[in-house]
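Here is how the chains run, residue by residue.
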Amino acid sequence: MLSTFTPHPPSSRARFARWATMRTIRPLEHLVPEGELGVKVTRRLLATMMAGAGTTPLGVEVVPVDSTTERLGRIKGEWLRPVTPRPGRVILYIHGSGYTLCSTRTHRPLVSRLARESRVTVFSAEYRLAPEHPFPAAPDDIERAYEWLLAQGWSPDNIAVVGDSAGGHLTLDLALRLLREGRELPAGLVMFSPLADVTCDLIAEREKVVPDPMISAAGVRKLFAHYLVGTDPTHPRLTHVVAPGEVLPPTLIQAGGAEFLAADAHHIADMLAAAGTDVRLEIWPGQMHVFQAANRLVPEADQALRRAARFVVDALDARVRTRESGDQEVTA
């Protein structure tokens, strides 16, 4: 089932942020050289932008994780713990990157706000990036991070998975992999501005109608080329096809109405709903890519994040209630 929510028109601050981005950030796309140097320059530029766009709240403890296990290998990331966390609940957060950029550090303001709003402890997973580590390094690392949480004693009933942009793509990949292996699924999924189509055809078609203020379809294709390195984009872990009856946990998808992945968000929502998943789609008018990270710039960032936090808590609580009622029926 697909349900939709249409927020109010964009605030004046959101309209200004879009206008300013179109005139300051978008032109830089053509100044950044390609290749390894271009990736390094873009990483630094994006880290600076994200540091200025979002705030890091007080009252959230950050604990780095960098450990190696015999079965799973290296696990890297960080715990973000609110002051009074809900017991027995955890979020696996998968940051965006275009598969070449960003890190848990760049996303720490966004993820720590999610931890505070939901009062749920978050494990923000680090994964290897292209061009140093092309496909399938990223999805393999995320699967191992999920396995590591289980090894730490967390039950799938107590886990929600949240990802943005390429992290949304990885969120869907993880859920489908667990489903097709017959394993228990997490309690809920949240995707901010999720990627669906690595060929960028959906982005290119949307660009004809609503040009993204940050980046062009050609720019996105350059990023993905570092990740694909000749891999067929129709590979089942790159182009996800959900068959009828492949029902995933309750899912919330949020995207901006002014961004390049709005069509991808619609595509994922329609595909999951057609297969039987309970999906909530929110397209926020006038908002840019992963606007939830930019609470210094737009008031809608905090509004959307609060809705996502509430969705996570409700999904976790609902799974526990369902499991407890089932246990009572078995006992009776």
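Further up the page is the structure itself.
This write-up is about the structure you can find in this document. This one's a predicted model, so the numbers in the text were calculated from it and none came from an experiment. (Residues numbered from 1 in each chain as written. Predicted model: local features only at pLDDT ≥ 70, side-chain atom pairs only at ≥ 80, totals over all residues. Heavy atoms only, no water.)

Omega for the bond connecting Ala-130 with Pro-131 falls within 30 degrees of zero, at 5 degrees, which places this linkage in the cis form. Structurally, Pro-131 can be placed in the loop between strand 5 (121–125) and helix 4 (137–151). Cis geometry marks the peptide bond from Phe-135 to Pro-136; its omega dihedral reads 10 degrees. Mapped onto the elements, Pro-136 comes out in the loop between strand 5 and helix 4. Even without being glycine, Cys-200 reaches a positive phi, approximately 70 degrees. Structurally, Cys-200 can be placed in the loop between strand 7 (188–192) and helix 6 (201–207). Residue class for Cys-200 comes out buried when judged on its relative accessible area of 0%. (Helix = DSSP H or I, 4+ residues; strand = E, 2+ residues; numbered from the N terminus. Buried < 20%, exposed > 50% of the residue type's maximum accessible area, 1.4 Å probe, protein only.)

This part takes up helix 2 (residues 35–53). Helix length check: helix 2 (19 residues) gives 27 Å between terminal C-alpha atoms against 27 Å at 1.5 Å per residue, within 8%. For helix 2, every residue scored as buried is listed here: Gly-38, Val-39, Thr-42, Met-50 and Ala-53. Viewed along the axis of helix 2, the buried residues span an arc of 95 degrees, placing them on a single side of the element. Exposed residues pointing more than 90 degrees away from the buried face of helix 2 are listed as Glu-36, Leu-37, Arg-44 and Thr-48. Where the residues of helix 2 are buried, they touch helix 7 (217–228). (Expected span 1.5 Å × (residues − 1). Arc of directions from axis to C-beta. Contact = heavy atoms within 4.5 Å.)

What follows concerns the pairing of strand 8 (residues 251–256). In regular strands, side chains alternate between the two faces of the sheet. The element strand 8 is extensively covered by neighbouring structure, given that six of its six residues are classed as buried. Residues Thr-251, Ile-253 and Ala-255 line one face of strand 8 and the alternating positions Leu-252, Gln-254 and Gly-256 line the opposite face, and both faces are buried. When strand 7 meets strand 8, the two strands line up parallel, connected through four bridges. Looking across to strand 8, one finds that Met-191 is bridged to Ile-253. Here strand 8 runs beside strand 9 (residues 279–284); their pairing, made up of six bridges, is parallel. Counterpart to Ile-253 in the pairing with strand 9 is Leu-281. Note that the unit made of strand 8, helix 8 (residues 262–275) and strand 9 has a crossover that is right-handed. (Pairing = 2+ DSSP bridges. Right-handed = clockwise from strand over helix to strand, strands pointing away.)

This part covers the side chain of Glu-246. With respect to the secondary-structure elements, Glu-246 resides in the loop between helix 7 and strand 8. A relative accessible area of 17% means that Glu-246 is categorised as buried. In this structure the side chain of Glu-246 is engaged in a polar contact, spanning 2.9 Å, whose partner is the side chain of Arg-180. Separated by 2.8 Å, the side chain of Glu-246 and the backbone nitrogen of Ala-243 make a polar contact. Residues in contact with Glu-246, not counting those within four places in the same chain, are Leu-176, Leu-179, Arg-180, Val-241, Ala-275 and Thr-277. (Polar contact = N/O pair within 3.5 Å; in protein donor to acceptor, adjacent residues only side chain to side chain.)

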